[in-house]
Amino acid sequence: MIHKKVVIIGGGISGVKAAIDLYQAGITDTIIVESRDRLGGRLWTINSEKTRGLKFDMGASWFHDTLNNPLFERAIKSKIVKYHFDDGKCQYVSQDDGDVPSWKFQTIVDEMMSYFKLAYDKDPSKPDVSLKRLCEEYMHKYKDRLTEEQKQYALGVIRALAELYHGETWDTLSGKYCFANMNQHVGRRAFVENGYYNVFQTVLKELPREYLNHNVKLNAHVDKIDYSNPSKVIVHLFDGRSYSCDYLICTIPQSILQITDPKDSCYLKWEPTLPPPLQKVLPDIHFGSLGKLVFEFNECFWPEDVERFYAITNTTSKPDLLGDLSFNAWDFPSVIVNYQALMRLPSLVILTQNPLSKYIERLAKEDKQQDIWKLFKPVLEQASLVPKGHQIPDPVAIYNSPWNGEYLTRGSYGTTPVGMNDPYKINQILNQGFQNRIRFAGAETMNGSANGCAHGGWFSGEREARFIIESEKKAKL
Ligand SMILES: Cc1cc2nc3c(=O)[nH]c(=O)nc-3n(C[C@H](O)[C@H](O)[C@H](O)COP(=O)(O)OP(=O)(O)OC[C@H]3O[C@@H](n4cnc5c(N)ncnc54)[C@H](O)[C@@H]3O)c2cc1C
């Protein structure tokens with residue numbers, strides 16, 4: 001059995017960053033074991049099937065927190081990453097009324113955000129309720145101060161902001177926590193124009209080619225971790241290989257770590273079982289179901305200068321996607337990113353949420369493109385401001401993200417369902433690891449606005465590498 005100082009499970013941004021920092025500190029005897037046949041994890045860029053050179057991100061596509069985002073700083077320095085602060089023109093489109101100017105709802109949306117925060121700041125013992133309930137509470141309390149139009153648009157906008165951030169609907173999101181991270185972002189947001197793949201390349205470059213060739217194992221699925229021996233941890237792979245190590249950094253998403261069914265292909269056996277505090281907090285971590293849909297057209301038929309469209313639904317209840325086949329994408333809010341405005345390319349990327357994102361992933365392959373188009377055409381007809389009765393052209397290609405059904409991810413990134421425990425307390429336990437040799441990294445192990453983000457993954461890898469570097473220094477004293 002090959003022995004390594006550190007085994008890193010997972011070759012996403014968290015695992016790679018941990019390997020870089022260890023390497024740069026002189027701890028070169030490490031290995032990354034990655035289940036997929038590629039590195040990057042949830043950083044995944046696909047090529048257009050129709051337009052040469054055009055790329056779409058199925059996972060991350062923005063740098064958040066640009067005042068505190070090392071990935072962004074690197075990207076600027078690299079000169080190979082093209083980015084754009086997409087805080088330009090937005091258009092809000094309502095199902096009934098078309099274009100809605102923001103003065104009709106913005107002050108109410110701001111006031112509602114303040115209300116949500118105040119409600120829990122004033123009474124920390126107030127039970128968590130869903131965002132929908134909290135909105136209803138506000139509307140009920142202040143109904144005499146609001147016009148019908150303000151109520152309708154503000155609710156629609158709040159839904160769009162929350163649901164397309166988390167990938168979950170407002171009736172399932174925590175009123176207490178769902179805007180907490182969002183409101184802590186530091187700095188603007190920048191869109192990656194030429195694929196997050198390029199961002200990841202700038203990071204990978206920090207590992208020598210030799211390391212990448214010999215110390216990164218792809219198609220290496222870990223199915224058992226044995227820490228019964230106090231002097232080494234043994235990491236077993238599905239294919240029978242195994243590695244022993246002094247330290248283990250596990251970056252497997254918590255959505256996978258929490259699987260308890262031994263029949264599940266991603267079940268990870270711990271020997272002995274995980275310490276009780278970890279067993280207790282793991283089920284408390286939830287992944288949302290953000291979905292991405294790319295619509296590639298031959299030409300642009302929508303406003304060229306609008307960077308984002310927010311489609312504001314006027315429904316407040318959720319259709320039954322299995323029983324009621326008359327629904328379409330107007331039954332949910334959506335956000336539409338305009339590649340024409342950002343990059344002069346006639347494509348639109350639509351963000352969508354559970355249950356629609358899961359429904360779309362499960363559509364039969366043969367009819368998928370046609371079925372997706374049927375769902376979203378009514379929204380694009382309205383957003384494109386094409387006069388009523390005029391036809392819009394069909395897309396030349398449609399692509400959809402796979403994350404919910406993806407067996408190594410099972411969702412998009414961390415979210416805050418109603419009733420969840422305090423995310424800070426959950427991370428406190430995770431961040432302690434155990435036995436001073438088994439450590440957890442990953443975007444969801446971060447607190448605050450980096451949680452669930454690519455730079456959160458980066459920070460978590462940095463944190464765990466630092467822990468090992470410090471431990472080694474102490475051991476040598
Ligand atoms: C649709 C979507 C949109 C997003 N948008 C943004 C955005 O705009 N901006 C942003 O900053 N972030 C965004 N994110 C989040 C960002 O992509 C992630 O936070 C980040 O990539 C997570 O990195 P990670 O290394 O922590 O986890 P991952 O990338 O999930 O890496 C974990 C790795 O572990 C591997 N693995 C799992 N199980 C095993 C096993 N048993 N054995 C071996 N290997 C295993 C996986 O294959 C994977 O490669 C988005 C994510 C999604 C899905």
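Residues numbered from 1 in each chain as written. Predicted model: local features only at pLDDT ≥ 70, side-chain atom pairs only at ≥ 80, totals over all residues. Heavy atoms only, no water.

1. Examining the overall build of the chain
Alright, step 1. Along the backbone of the chain there are 14 helices and 22 strands.
Alright, step 2. Radius of gyration (C-alpha) of the chain: 23 Å, near the 23 Å computed for a compact globule of 477 residues.
Alright, step 3. On the principal axes, the C-alpha backbone points of the chain span a range of 70 × 55 × 45 Å.
Alright, step 4. By the burial criterion, 57% of the 477 residues in the chain qualify as buried.
Alright, step 5. A fraction of 74% describes how many contacts in the chain between residues 6 or more apart in sequence connect residues 24 or more apart.
Alright, step 6. When the accessible surface of the chain is totalled, it reaches about 21,100 Å², and 51% of it is carbon and sulfur. (Helix = DSSP H or I, 4+ residues; strand = E, 2+ residues; numbered from the N terminus. Rg over C-alpha atoms; globule rule 2.2 N^0.38 Å. Buried < 20%, exposed > 50% of the residue type's maximum accessible area, 1.4 Å probe, protein only. Contact = heavy atoms within 4.5 Å. Areas by Shrake-Rupley, 256 points an atom, 1.4 Å probe, with all protein chains shown as cover.)

2. With respect to the domain arrangement of the chain
Alright, step 1. Assigned domains within the chain: domain 1 (2–40 + 197–284 + 416–476) and domain 2 (88–187 + 291–400).
Alright, step 2. Computed over C-alpha atoms only, the centres of domain 1 and domain 2 are separated by 35 Å.
Alright, step 3. On the side of domain 2, 12 residues touch domain 1, which itself brings 12 residues to the contact.
Alright, step 4. Counting each side, the surface lost to burial between domain 1 and domain 2 is near 910 Å², with a carbon and sulfur contribution of 53%.
Alright, step 5. Area buried by domain 1 at its contact with domain 2 is led by T416, V418 and S449, which between them contribute 60% of it.
Alright, step 6. The interface formed by domain 1 and domain 2 includes zero salt bridges.
Alright, step 7. If you look at where domain 1 meets domain 2, you find four residue pairs in polar contact (both at pLDDT 80 or more).
Alright, step 8. Tallied by class, residues from the side of domain 1 that touches domain 2 come to five nonpolar, six polar and one charged. (Domains from an automatic or database assignment. Buried area = accessible area lost by both parts, 1.4 Å probe. Salt bridge = Lys/Arg side-chain N within 4 Å of Asp/Glu carboxyl O. Polar contact = N/O pair within 3.5 Å; in protein donor to acceptor, adjacent residues only side chain to side chain. Nonpolar A, V, L, I, M, F, W, Y, C, P; charged D, E, K, R; others polar.)

3. What about the site of the ligand?
Alright, step 1. Around the ligand sit 36 residues in total, of which S14, E34, R42, W62 and A454 are the nearest.
Alright, step 2. Within the contact set of the ligand, an oxygen atom lies 3.1 Å away from a backbone nitrogen or oxygen of S61.
Alright, step 3. Contact distances for the ligand include 2.9 Å between an oxygen atom and a backbone N or O atom of A443.
Alright, step 4. In isolation the ligand offers 1,000 Å² of accessible surface; the protein chains occlude 99% of this area. (Near = heavy atom within 4 Å.)

4. With respect to the sheet that holds strand β6 (residues 83–85)
Alright, step 1. Spatially, three strands are ordered β5-β9-β6 in an open sheet, and the strand pairing comes out antiparallel. Two strands bound the open sheet, and with one partner strand each, they are β5 (62–63) and β6.
Alright, step 2. Here β6 pairs with strand β9 (residues 190–192) via three bridges, running antiparallel. Paired with F85 across the bridge in β9 is A190. (Pairing = 2+ DSSP bridges.)

5. Re the UniProt feature "domain: Amine oxidase" (unreviewed entry) in the chain
Alright, step 1. Following the UniProt record, the feature "domain: Amine oxidase" (unreviewed entry) maps to residues 13–468 here.
Alright, step 2. With 32% helix and 18% strand, the stretch residues 13–468 has end C-alpha atoms that lie 18 Å from each other. (UniProt positions renumbered as here; feature names shortened; annotations may be inferred.)

6. Some words on the sheet that holds strand β16 (residues 291–296)
Alright, step 1. The seven strands are arranged β8-β7-β17-β18-β19-β16-β20 in an open sheet whose pairing can be described as mixed. In the strand order of this sheet, the two ends are held by β8 (98–100) and β20 (397–400), each with one partner. For this sheet the average axis-to-axis angle between neighbouring strands, irrespective of direction, equals 25°.
Alright, step 2. Looking at chain direction, strand β17 (residues 308–312) and strand β18 (residues 334–338) are connected through four bridges and run antiparallel. When the bridges of β18 are listed, Y310 appears paired with V335.
Alright, step 3. Strands in contact with helix α5 (residues 148–166) are β7 (90–94), β8, β17, β18 and β19 (347–352); relative to β17, the strand with the most contacts, it is inclined by about 120°.
Alright, step 4. Strands β7, β8, β16, β17, β18, β19 and β20 of the sheet are contacted by helix α12 (residues 368–383), whose axis makes an angle of about 100° with β20. (Axes fitted to C-alpha atoms, helices over the stretch in contact; angles between N-to-C directions.)

7. Concerning the nonpolar core
A general feature of soluble globular proteins is that nonpolar side chains tend to end up buried together.
Alright, step 1. In this structure, M112, F116, L131, C135, Y138, I158 and F179 are the most contacted members of the largest nonpolar core, which totals 53 residues.
Alright, step 2. Every element with two or more residues in this core is listed here: α3 (106–122), α4 (131–141), α5, β17, β18, α10 (339–343), β19 and β20.
Alright, step 3. When residues in this core are grouped by element, the largest group, nine residues, is from α5.
Alright, step 4. Each residue touching F179, except ones within four places of it in the same chain, is listed here: M113, F116, L131, I158, L161 and A162.
Alright, step 5. By size, the runner-up hydrophobic cluster in this structure holds 39 residues, among which are V6, I20, V216 and I469. (Core = buried A, V, L, I, M, F, W, Y, C linked by side-chain atoms within 4.5 Å.)

8. Topic: the pattern of salt bridges
In a structure, side chains of opposite charge can pair up when their charged atoms sit close to one another.
Alright, step 1. According to the stated counting rule, one finds 25 salt bridges in the structure shown.
Alright, step 2. The partner of K17 in a salt bridge is D21, with the nearest N and O atoms 2.7 Å apart. Of the two residues, K17 and D21 both sit in helix α1 (residues 13–24), four residues apart, roughly one turn of that helix.
Alright, step 3. The buried category is assigned to D21, whose relative accessible area is 15%.
Alright, step 4. Through salt bridges with shared partners, a single ionic network connects K5, D246 and E472.

9. Regarding the packing of aromatic side chains
In this description, a pair of aromatic rings is defined by centroid distance and the angle of the planes.
Alright, step 1. Overall, the coordinates contain 29 aromatic pairs when judged by the stated rule.
Alright, step 2. Relative to W403, the ring of W44 has its centre 6.0 Å away and its plane inclined at 85°; by these criteria the two rings are edge-to-face. In this pair, W44 is assigned in the loop between β2 (30–33) and β3 (45–47) and W403 in the loop between β20 and β21 (414–415), connecting sequence segments 359 residues apart.
Alright, step 3. Residue W44 is classed as partly exposed on the basis of its relative accessible area of 28%.
Alright, step 4. Look at Y227 and F434: their rings are 5.0 Å apart centre to centre, the planes differ by 65°, and that puts the pair in the edge-to-face class. Within this pair, whereas Y227 is found in the loop between β11 (222–226) and β12 (233–237), its partner F434 is found in the loop between α13 (423–432) and β22 (438–440), the two being separated by 207 residues in sequence. F434 matches Y227 in its accessibility class, with the two residues each being buried.
Alright, step 5. Joined through ring pairs, the aromatic side chains of F295, F297, F301, W302, W373 and F376 make up one cluster. (Phe/Tyr/Trp six-rings, centres within 6.5 Å; stacked < 30°, edge-to-face > 60°.)

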